[in-house]
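# Structural characterization, general
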Amino acid sequence: MRKLILPVVKVLTVAVSGGALIYAVARVLPAQQTGQTSIGVVEVPVDVDTASLRGPVQPIFYRHDVHAGQYEMDCLYCHFAAEVSQSPGMPTISTCMGCHLIAGAANPEVQKLREAAAADTVVPWVEVHKLPPFVRFPHMRHVMSEAEMECQDCHGPVEEMPQVYQFASLKMGWCLDCHLEEEATTECTACHY
Amino acid sequence: MATIAQPEPAVEHPSYAQVTRDIAATLGRPSRGYFILLGSVVTVLAVGAGALLYQIRMGLGVAGYTPPVMWGVYIATFVFWVGIAHSGTLISAILYLFRSAWRTSVYRTAEAMTVFAVMTAGLFPLIHVGRIWYAYWLIPYPNQRQLWVNFKSPLVWDLFAIGTYFTVSTVFLIVGLVPDVAAVREKFTGWRKKLYTITSLNWRGTDQQWRHYTRAYLYLAALATPLVLSVHSVVSWDFAMSIVPGWHATIFAPYFVAGAIYSGVAMVVTLLVPLRKVFHVEEYITVDHFENLAKLLLLTGMIVGYAYATEYFIAWYSGNPFERAAFWNRAFGEYWWASWTMIICNGVLPWMLWFRKVRRSIPALFLLSLFVNLGMWFERFVIIVVSLSFEYEPYAMGHYTPSWVEWAILAGSFAWFFMWFLLFAKNFPTISITEVKEIIPMPRKSQAKV
Amino acid sequence: MPKEMDRRGFLKVLGVTGGGAAALSGCSSDSAEKLIPYLVPPDYQIPGVPTYYATTCRECPAGCGLHVKVREGRAVKVEGNPESPINRGALCARGQASLQGLYNPDRLRGPMARTADGEFEPISWDDAIARVTQALAGVDGDRMWFLTGNEAGSFDSLVNEWLAAVGSQSRVVYEPFGYEALRYASREIFGMDTVPEYRFADAEFVLSFGTDFLETWLNPVQYAREFAASHSYADGRMGRYVHVDARLGMTAFSADEWVAPTPGTEGLLAMAIANVVLRDHGENAPRDSSRLRALLDQYEPETVADRCGVPADRIRRLAEEFSAVPSLALAGGMGAQHDDAHSTAAAAHILNYVAGNVGRTVMFGADRDPAAGSTYRGLADLVDAMRDGQVGALFVHGANPAYASPQGTGFSEAMGQVGLKVPPDHDPMEQWNDFEPQAGTYLLQQPAMQPVFETRQTGDVLLQLAGAMGDAPPAQLSAANYKEYLQQRWRQIQRQLRDGSPFEDFWIESLRVGGVHREAPTRPVRVVGTASRVSVTGWSGLGDDFALIAYPSPALFDGRGANRPWLQELPDPVSKIAWSSWVELHPDTAERLGIAEGDVLEVSSAAGSVTAPAFLYPGISPNVVAMPIGQGHTAFGRYAENRGANVYHLLGSEPTAFAGLSHYTAVTIRNTGEHERLATNAGRSRQMGRGLSQSTTLLAITSGEDHPFHIEHAAEVPEHVERVLEEVQEAQTQETKRGNYAGEHPRWAMAVDLSRCTGCSACVTACHAENNIPTVGKELVQHGREMSWLRIERYFEGGGDEPVKVELLPMMCQHCERAPCEPVCPVFATYHTPDGLNAQIYNRCVGTRYCANNCPYKVRYFNWFDHQHEADAAYAWPDPLHMLLNPDVTVRSKGVMEKCTFCVQRVRSAQDQARLEGRDNLRDGEVRTACQQTCPSEALVFGDLNDPDSAVSRLAASERGYHVLEGLNTAPGVTYLKKVRNVAEEA
């Protein structure tokens with residue numbers, strides 16, 4: 001009996017610890033990526049290997065670190081509805097083309113955008129921050145709340161993300177932490193109905 | 001209880017060795033019949049499990065529920081099995097405290113039955129809920145969402161009651177087994193020896209061990225006794241705490257406890273009759289034992305019958321029109337047949353036990369016990385379904401008929417119960433060797449020579 | 001088969017944020033959802049914020065104004081347009097269900113052509129236009145026919161001009177409910193071929209001869225509002241309504257007295273009453289009434305009495321009541337259209353005339369013509385024309401005579417001989433159009449969203465054809481598209497209305513309001529010579545057999561609602577049966593014939609026979625059986641096909657004297673021996689003396705005789721016990737107070753005025769629409785598993801010697817302050833919110849169903865199956881129906897409990913809005929629940945009970961107020977106001 005168990009245990013330990021190590025590395029790497037393209041960096045590498053970055057790969061490699069970070073554009077410039085609606089709103093292509101009619105012509109990603117605009121098709125962005133369907137999150141109540149919340153409180157340092165990834169867990173407990181701290185409502189039907 | 005006779009095994013002074021041999025013999029190589037039985041039981045269980053999976057996939061709609069009847073066969077069966085579970089503790093614990101020696105040869109069966117019945121009952125709340133995959137939310141556990149259970153809800157009390165009962169009765173069974181297992185330990189080889197070595201907890205029968213053992217057993221008995229009353233009281237409150245006419249009654253707790261013991265004893269009889277035949281232990285489980293069980297049946301049966309009468313009386317006496325309507329509907333409504341089955345099986349038939357002849361006729365008792373089991377299941381069906389189908393809002397009244405899925409799962413639950421019991425009966429002594437030895441007189445020298 | 005709508009295309013319409021079909025899965029799933037932004041920002045559309053477009057409901061010819069609620073480019077709900085002169089913000093069940101016409105999965109999804117092997121295959125529009133042009137080239141113009149429903153407005157004129165252009169006059173309009181009898185009578189008596197305008201608001205006594213003016217008759221929503229205003233009880237006064245018909249229909253539920261004459265003899269009764277009025281109470285009669293003297297003298301109460309089985313003194317009493325106050329006599333309902341209906345209608349006109357009601361409650365001028373001058377005979381002529389090959393090409397638009405006409409008419413067969421073209425049209429909610437239900441009322445329709453399918457508006461198609469077909473089209477058809485054509489016409493309208501403003505302003509304003517409305521000048525009318533020729537004979541058809549009444553279904557109308565699952569699921573107001581047909585039969589008759597409820601009967605007439613289960617109804621004469629129109633379609637989508645029986649198959653095809661179709665016929669019934677479990681939500685139809693729906697009489701309430709209901713107790717409760725009970729109650733109240741349920745927080749509550757509720761069930765459908773309630777289908781309804789959060793309980797009273805009464809009780813979650821459901825939930829899935837709502841948290845629910853057991857009102861509904869996954873048989877929203885899901889309401893998964901939430905999503909969003917505006921509290925009436933919003937008779941009022949000035953507080957304090965099952969001490973948030981009946985002393 002003993003003879004049989006021991007080796008099994010050994011193998012398992014090795015596997016687990018190895019897995020943990022790989023995972024840890026995987027977590028760390030992208031952090032370095034984002035590190036090298038933070039605010040103030042003028043020369044942002046044009047083509048980063050998007051697959052290696054954190055967060056889902058988008059049809060167009062839109063750089064929040066460039067727009068929100070480097071050029072310090074206001075989030076609400078594109079996500080125009082966040083102050084008045086439960087939904088933040090996604091920028092329409094015409095919004096993008098407002099600048100990119102001229103700007104960044106050389107950039108292949110901008111090329112994709114222009115093609116889309118020319119072909120009169122929409123860009124199917126991949127949803128990053130996804131709430132379960134039985135949860136209501138009125139953006140305006142948070143953006144306009146007394147607690148002076150910043151978008152970053154939930155979405156993380158978007159201005160440093162070349163590719164946006166889910167920053168917070170978005171689990172109920174995470175919501176509650178803040179609601180209790182700020183003495184906001186913990187009434188169930190505030191979010192669930 | 002003291003009045004109950006305390007018969008000795010009818011054997012003419014068997015030696016300790018012989019007792020051990022006889023009872024150990026029940027653990028001998030199983031016959032083909034045994035395997036056929038076990039096989040068929042497992043097949044039925046498989047059918048039940050299949051039905052359950054189908055229900056989980058499709059939704060509870062595949063059961064026969066027709067609003068406003070939101071609880072049906074599942075809860076009825078749940079209460080039924082919890083009831084069955086009761087006599088075990090009664091016989092092993094209470095009678096032990098009362099020092100009624102006749103229990104010795106039957107209590108092991110009763111205890112085993114208890115544990116397996118609770119195991120069966122425990123399944124039904126899960127089978128019954130709409131989202132079985134979230135059933136664990138009924139357990140209070142600290143979580144980041146800061147969600148807690150509602151301790152006002154009888155269902156939560158239920159969880160604890162059943163949980164406690166299962167734990168205690170299991171421990172009780174195992175502790176009781178220890179010396180016996182040790183006794184048969186030496187008679188076997190192979191995996192069984194391993195099994196017994198582990199379960200006998202290294203029992204060597206030293207005086208010290210005996211001293212601790214008897215104490216522990218006594219305390220456990222004392223600990224288990226209140227549960228006999230508490231568990232089914234709590235189960236009854238699932239109903240009594242609601243405002244459904246026909247449920248909302250103060251008599252429910254005692255009424256349910258009596259009913260539980262009643263059904264439990266009946267089940268013990270149902271199990272013992274074939275068991276003693278198959279295992280040839282007639283010498284140990286005698287007619288006297290059955291008569292005592294019959295007396296227990298008689299007592300509890302009378303209480304149950306009285307409870308029925310009280311229910312109807314209160315419904316009339318309260319003058320509450322909803323109660324009156326509900327009970328009128330029970331007796332003469334769409335479900336009259338169910339109500340009368342229950343009244344006849346539980347309220348009328350036990351009167352035959354006033355006759356000694358019946359009490360001492362094993363076939364008669366066996367038949368009677370079957371009727372009682374049937375009647376007690378219908379009692380739960382009537383209380384739950386018939387009351388729900390006829391509540392406050394005439395416009396919202398409805399008629400419920402169980403679907404094949406419910407019948408399949410019901411059958412499956414019996415299969416589940418008997419599977420465990422069969423496995424137990426073949427692998428552990430179903431009659432307590434030690435306690436039987438305790439009540440036979442010291443063997444004389446002459447026999448000792450043999 | 002039509003191809004699935006391409007998802008990307010849908011998302012393009014949809015705009016941002018995943019959309020509505022919110023599935024209640026576990027916690028956040030990892031499936032990658034796509035976010036599809038708008039291509040270009042549509043004006044006034046912010047994702048997550050609804051936009052409302054004013055348009056017009058085309059479900060029936062009434063022409064109610066709509067507000068289409070649009071979220072992310074999808075129409076998700078329709079609501080009444082408060083600025084519409086007709087419905088004033090209310091809507092009926094059919095209007096609410098119009099969305100399911102837009103998103104109907106069985107809609108024609110694009111032009112199709114028959115291939116060689118007879119199959120249909122989708123083709124492009126250009127191809128389609130080409131094919132049609134080519135096909136029409138072979139047909140000479142005068143052999144082109146055009147069949148439409150009532151299209152009064154621009155489309156009507158377009159069709160006529162188009163036909164004129166191709167050189168044809170063959171235009172047929174067919175509305176199954178054409179009110180031929182009523183128009184014929186108007187012609188006979190007053191010399192004008194119209195339906196007058198009835199002013200219910202001014203009528204203190206309404207005498208209806210079989211008109212269902214609260215269900216389908218002409219303009220039910222407006223009538224319901226005005227009738228409620230004049231008839232419902234308010235501070236000691238109310239009107240009186242007597243219903244004369246062999247059948248007690250939904251409308252008659254509101255009647256204070258029901259007179260059941262021999263079927264088909266209402267006309268005689270009306271004449272007799274008119275006779276008495278003119279002779280004994282003629283003070284209001286116009287001078288020239290004397291011309292009717294001789295005519296009316298033929299109808300003495302005594303002689304009429306035995307013919308129609310109504311005692312003479314009762315006739316006299318009715319006459320007296322009728323002439324005492326401003327009154328209103330109504331006739332010409334489709335449910336009473338037998339072959340003598342025209343003289344019944346004439347009698348009613350005469351009665352109104354001699355009582356001086358014409359010009360007081362009956363107005364001519366704003367002429368309403370529900371059938372655009374068409375008659376059933378017109379259809380019959382078309383059929384003849386088709387038979388002898390005069391029809392080269394037939395265009396059918398907005399009419400379904402193949403269903404809504406007797407088999408004898410032979411429309412379907414005849415149509416087989418004609419090359420038929422059906423261009424797939426836009427839904428009314430996708431198109432530019434207008435509608436003129438009555439003179440002076442011009443209603444606009446504008447597209448509320450992009451077309452769901454590859455359809456094209458018939459108006460545009462016609463214009464294209466006009467262009468494509470050879471020679472240049474005439475000037476008026478030269479418009480580039482139908483919208484332009486429409487605007488041309490509206491320029492004329494503006495000129496007619498002498499509106500000086502620039503057209504753009506006029507146009508925009510009209511779009512905003514939903515149209516323009518000018519009070520049409522009323523014209524004084526006098527009886528004409530033909531009036532004296534009227535002779536009322538009564539319906540002759542009844543022999544020893546049963547009289548069958550084929551009456552309009554309040555939900556399915558003439559059958560056009562049958563493909564709307566919401567309307568199919570809606571329990572009929574009278575029988576409470578859904579998804580099927582039935583035969584109404586008097587219990588005594590049933591007993592005599594040994595028929596039990598649910599027995600399948602074969603009903604046979606000279607024209608044919610149908611089978612349907614029996615429904616035993618005390619509210620029908622013993623020698624009458626009745627069946628609703630609307631079911632029994634052979635085509636028309638998955639929800640309508642092969643369901644129930646088509647009553648038209650029983651009716652004779654011969655046009656009546658007034659060119660209409662007789663809805664009465666003599667039938668025999670046979671018990672087939674089969675039995676069917678009725679698909680009804682009515683468990684029992686008697687209250688068992690439990691006082692759930694309470695009513696009283698005007699006399700009692702004004703004389704203080706009306707006492708609060710007490711359920712009878714065998715033993716009187718001793719005084720000391722009473723005291724204990726009170727203490728307990730008080731303690732419990734304190735308990736609930738601790739949660740700050742009173743004071744700063746509002747307590748949301750509702751008041752239901754049973755005096756106003758007509759039972760029309762619009763609220764039920766509105767609730768379905770607002771709260772994503774699945775439709776479960778016939779089989780589940782048969783098992784009592786309907787999911788509707790709101791049910792209209794219908795209880796019978798009396799019968800036998802007692803007069804039959806029907807009591808109604810809208811039953812939704814009562815939001816009890818001491819709710820029995822709350823303490824029993826083991827996981828707090830249901831609990832009490834600080835603002836007094838009984839909340840149900842779906843994602844916390846485990847499904848023990850204990851709450852439902854403990855709810856005495858039985859208003860909690862359990863998801864027995866999964867209605868939200870396409871994979872499941874019970875899937876309730878086949879593509880594209882899922883587009884109408886309300887994005888603000890979670891779609892519930894299997895195994896969870898649900899119930900009325902008082903539209904908590906509306907409360908919360910209003911609160912969010914208020915906070916953005918810096919307000920802490922909401923104004924009274926700021927939140928209106930879906931049911932309240934749509935109620936035509938304003939029977940439901942929602943608001944804050946803690947605000948003493950709120951409407952709901954005032955109503956809750958009314959002397960008529962009571963709580964259902966008060967004795968259970970649940971302190972419900974819903975207060976019911978007793979129904980008051982204005983019962984005459986003798987009756």
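Residues numbered from 1 in each chain as written. Chains lettered and ligands numbered in written order. Predicted model: local features only at pLDDT ≥ 70, side-chain atom pairs only at ≥ 80, totals over all residues. Heavy atoms only, no water.

## Some points on the overall build of chain C
What counts, and what does not: Note on conventions: DSSP H or I runs of at least 4 residues are helices, E runs of at least 2 residues are strands, and numbering of each starts at the N terminus. Note on method: radius of gyration uses C-alpha positions; expected globular size equals 2.2 Å times residues raised to 0.38. Contacts are assigned to residue pairs with any non-hydrogen atoms lying within 4.5 Å of each other. Accessible surface area values rest on a Shrake-Rupley calculation with a 1.4 Å probe, where residue burial reflects the displayed protein chains alone. Counted as positive: Lys and Arg. Counted as negative: Asp and Glu, with His and the chain ends omitted from the count. Charged groups are reduced to one reference atom each: NZ for lysine, CZ for arginine, CG for aspartic acid, CD for glutamic acid.
Scanning chain C for helices and strands turns up 28 helices and 37 strands. Its C-alpha atoms give chain C a radius of gyration of 29 Å, near enough to 30 Å, the size a compact globule of 987 residues would have. Taken over the C-alpha atoms alone, chain C extends approximately 90 × 80 × 65 Å along its principal axes. Considering only contacts in chain C between residues 6 or more positions apart, those separated by 24 or more positions represent 74%. Entry remark: accessible area of chain C is about 33,600 Å², with carbon and sulfur atoms responsible for 50%. Taking the average location of the 89 positive side-chain charges in chain C and that of its 124 negative ones, the two points are 3 Å from each other.

## Focus: the overall build of chain A
Our working rule: Only protein chains enter the calculation, and the probe is 1.4 Å; a residue is then buried if its accessible area is under 20% of its type maximum, exposed if over 50%, and partly exposed in between.
A tally of helices and strands in chain A yields 8 helices and 1 strand. Start at the N end of chain A and walk to the C end: the helices and strands fall as α-α-α-α-α-β-α-α-α. Expressed as a percentage of its 193 residues, the buried residues of chain A come to 35%. A fraction of 58% describes how many contacts in chain A between residues 6 or more apart in sequence connect residues 24 or more apart. When the accessible area of chain A is evaluated, it comes to approximately 11,200 Å², of which 65% is carbon and sulfur surface.

## Let's talk about the confidence of the model for chain C
For the record, the criterion: Every residue gets a pLDDT, meaning the predictor's confidence in that residue, from 0 to 100.
Of the residues in chain C, 93% have a pLDDT of 70 or more, and the chain-wide mean is 88. The low-confidence segment residues 1-31 of chain C, where pLDDT is below 50, has 78 contacts with residues more than four positions distant or belonging to other chains.

## Observations concerning the sheet that holds strand S13 (residues 327-331) of chain C
Residues and elements named next belong to chain C. The test is simple: Strands were regarded as paired on the criterion that DSSP finds at least two bridges between them. Here, axes are lines fitted to C-alpha atoms. For helices the fit covers the stretch in contact, and angles between N-to-C directions go from 0 to 180 degrees.
Spatially, 4 strands are ordered S12-S11-S10-S13 in an open sheet, and the strand pairing comes out parallel. Across the chains shown, the open sheet's two edge strands, defined by having one partner strand only, are strand S12 (257-259) and S13. The average angle at which neighbouring strand axes cross in this sheet is 15 degrees, direction not considered. As paired elements, strand S10 (residues 205-209) and strand S11 (residues 240-244) share 5 bridges and run parallel to each other. Looking across to S11, one finds that Val-206 is bridged to Tyr-241.

## Notes on the interface of chain C and chain B
The test is simple: Throughout, buried area stands for the accessible area (probe radius 1.4 Å) lost by two parts on being put together, summed over both. Here a salt bridge means any side-chain nitrogen of Lys or Arg lying within 4 Å of a carboxyl oxygen belonging to Asp or Glu. For the purposes of these results, a polar contact is taken to be a pair of N or O atoms within 3.5 Å, where, inside protein, one atom must be able to donate a hydrogen and its partner to accept one; residues adjacent in sequence count only when each atom of the pair is a side-chain atom.
With 65 residues of chain C at the contact, the number on the chain B side is 58 residues. The contact between chain C and chain B buries some 4,900 Å² in all, and 57% of this surface belongs to carbon and sulfur atoms. Of all residues in chain C, the largest losses of buried area upon contact with chain B belong to Arg-844, Tyr-850 and Asn-853 of chain C, amounting jointly to 14% of the total for that side. Where chain C touches chain B, the interface holds 3 salt bridges. With a closest N to O distance of 3.4 Å, Asp-872 of chain C and Arg-57 of chain B form a salt bridge. Viewed at the interface, chain B and chain C are joined by 36 residue pairs in polar contact (both at pLDDT 80 or more). Those elements giving two or more residues to the side of chain C that touches chain B turn out to be strand S28 (791-799), strand S29 (802-811), helix H24 (821-824), helix H25 (850-854) and strand S32 (860-862) of chain C. Here the element with the most residues in the side of chain C that touches chain B is S28 of chain C; it accounts for 5 residues.

## Remarks on the packing of aromatic side chains
To be explicit about the condition: Each aromatic pair joins two rings of Phe, Tyr and Trp (for Trp, the six-membered one) with centres within 6.5 Å, and gets the label stacked for planes under 30 degrees apart, edge-to-face for over 60, and tilted for any other angle. A ring has a charge above it when a Lys NZ or an Arg CZ is no more than 6 Å from the ring centre and no more than 35 degrees off the ring normal.
Per the counting criterion, the structure on display carries 89 aromatic pairs over all chains. For Arg-785 of chain C, the ring lying beneath its charged end belongs to Trp-864 of chain C, and the centroid distance is 5.2 Å.

## Thoughts on the packing of helix H5 (residues 154-185) of chain B against helix H7 (residues 207-240) of chain B
Residue and element names in this part refer to chain B. Note the cut-off: If an angle is under 35 degrees, it is roughly parallel; if it is over 145, roughly antiparallel; if it lies from 65 to 115, roughly perpendicular; otherwise it is oblique. Note on convention: the crossing is left-handed when the near helix lies turned anticlockwise from the far helix by less than a right angle, right-handed when the turn is clockwise. Residue type decides the class: Asp, Glu, Lys and Arg count as charged, Ala, Val, Leu, Ile, Met, Phe, Trp, Tyr, Cys and Pro as nonpolar, and the leftover types, Gly among them, as polar.
At a minimum axis separation of 9 Å, H5 and H7 run at an interaxial angle of 155 degrees. Taken together, H5 and H7 sit at an angle that is classed as roughly antiparallel. Seen from above, H5 lies across H7 with left-handed handedness. When grouped by side-chain class, the residues that make up the contact of H5 with H7 number 22 nonpolar, 2 polar and 2 charged.

## Quick word on the nonpolar core
Residue and element names in this part refer to chain C. So the rule is basically this: For our purposes a nonpolar core is just a set of buried Ala, Val, Leu, Ile, Met, Phe, Trp, Tyr and Cys residues, chained together by side-chain atoms within 4.5 Å.
With 391 residues, the main nonpolar core has Tyr-198 and Leu-394 as its most contacted residues. Sequence-distant contacts of Tyr-198, that is, excluding residues within four places in its chain, are made with Leu-182, Trp-217, Leu-218, Tyr-223, Glu-226, Leu-328, Ala-329, Leu-330, His-349, Thr-361 and Val-362. In terms of nonpolar packing, the next biggest core, distinct from the first, is built from 40 residues, Trp-125, Phe-155, Tyr-485 and Ile-493 among them.

## Notes on the state of the cysteines
All names here are of chain A. As a reminder of what qualifies: Any pair of cysteine sulfurs within 2.5 Å is marked as a disulfide.
Within this structure, the stated rule accounts for 0 disulfides over all chains. Left unpaired, Cys-154 is separated from the closest cysteine sulfur, that of Cys-178, by 6.8 Å. Overall, the relative accessible area of 15% leaves Cys-154 in the buried class. The cysteine Cys-188 is free of any disulfide, with Cys-191 supplying the nearest cysteine sulfur at 8.7 Å. The class of Cys-188 is partly exposed, set by a relative accessible area of 27%.

## Thoughts on the sheet that holds strand S4 (residues 74-80) of chain C
The strands that make up a sheet pair up through hydrogen bonds in the backbone, lying either parallel or antiparallel. Residues and elements named next belong to chain C. The antiparallel open sheet is built from 3 strands, whose spatial order is S2-S3-S4. In this open sheet, the two edge strands, each paired with only one partner strand, are strand S2 (51-56) and S4. Looking at each pair of strands side by side, their axes are set apart by 30 degrees on average, direction ignored. As paired strands, strand S3 (residues 65-71) and S4 are joined by 6 bridges and run antiparallel to one another.

## Some words on the pattern of salt bridges
On inspection of all chains with the given rule, the structure shows 63 salt bridges over all chains. In this structure, Glu-793 of chain C engages Arg-791 of chain C in a salt bridge whose closest nitrogen and oxygen atoms are separated by 2.8 Å. Residues joined in a network through salt bridges with shared partners are Asp-288, Glu-291, Arg-356, Arg-359 and Arg-360 of chain B.

## Points about the packing of helix H9 (residues 287-318) of chain B against helix H10 (residues 321-332) of chain B
All names here are of chain B. For the pair H9 and H10, interaxial distance at closest approach is 8 Å and the crossing angle is 140 degrees. In this view, H9 runs oblique relative to H10, as classed from their interaxial angle. Crossing of H9 against H10: the hand is left-handed. Each of Glu-311, Tyr-312, Ala-315, Trp-316 and Ser-318 in H9 lies in contact with H10, whose residues at this interface are Glu-323, Arg-324, Phe-327, Arg-330 and Ala-331. A per-class count over the contact of H9 with H10 returns 5 nonpolar, 1 polar and 4 charged.

## Side note on helix H13 (residues 362-388) of chain B
Residues and elements named next belong to chain B. The following threshold applies: Take the residue count of a helix, subtract one, and multiply by 1.5 Å to get its expected span. The seven residues ending at a residue and the seven starting there each receive a fitted axis; the angle between those axes is the bend at that residue.
The terminal C-alpha atoms of H13 lie 39 Å apart, and with 27 residues this matches the ideal 39 Å at 1.5 Å per residue to within 8%. Considering bend angle alone, the principal kink of H13 is centred on Val-382 and spans about 30 degrees. For H13, the N-terminal cap is Ser-361; the gap from its side-chain oxygen to the backbone nitrogen of Ala-364 is 3.1 Å.

## Some details on the environment of Asn-969 of chain C
Residue and element names in this part refer to chain C. Turning to its location among the elements, Asn-969 is positioned in the loop between strand S35 (961-962) and strand S36 (974-977). Note on Asn-969: relative accessible area 16%, which makes it buried. Along the chain, Asn-969 and Glu-817 lie 152 residues apart, while their C-alpha atoms are 9.3 Å from each other. Among the polar contacts listed, one links the side chain of Asn-969 to the side chain of Arg-818, at a separation of 2.6 Å.

## A closer look at helix H5 (residues 108-119) of chain A
Because the α-helix completes a turn every 3.6 residues, residues three or four places apart line up on one side. Residues and elements named next belong to chain A. Worth spelling out the cut-off: By construction, the arc corresponds to the directions joining the helix axis to the C-beta atoms.
The first and last C-alpha atoms of H5 sit 16 Å apart over 12 residues, in line with the 16 Å expected at 1.5 Å per residue. Glu-109, Val-110, Leu-113 and Ala-116 are the residues of H5 that are buried. The arc that holds every buried residue of H5, seen down its axis, measures 115 degrees, which confines them to one face. Opposite its buried face, H5 presents the exposed residues Glu-115 and Ala-118, each directed more than 90 degrees away. Tucked inside the fold, the buried residues of H5 contact helix H4 (93-100). Capping the start of H5, Asn-107 holds a side-chain oxygen 2.6 Å from the backbone nitrogen of Glu-109, two or three residues further along.

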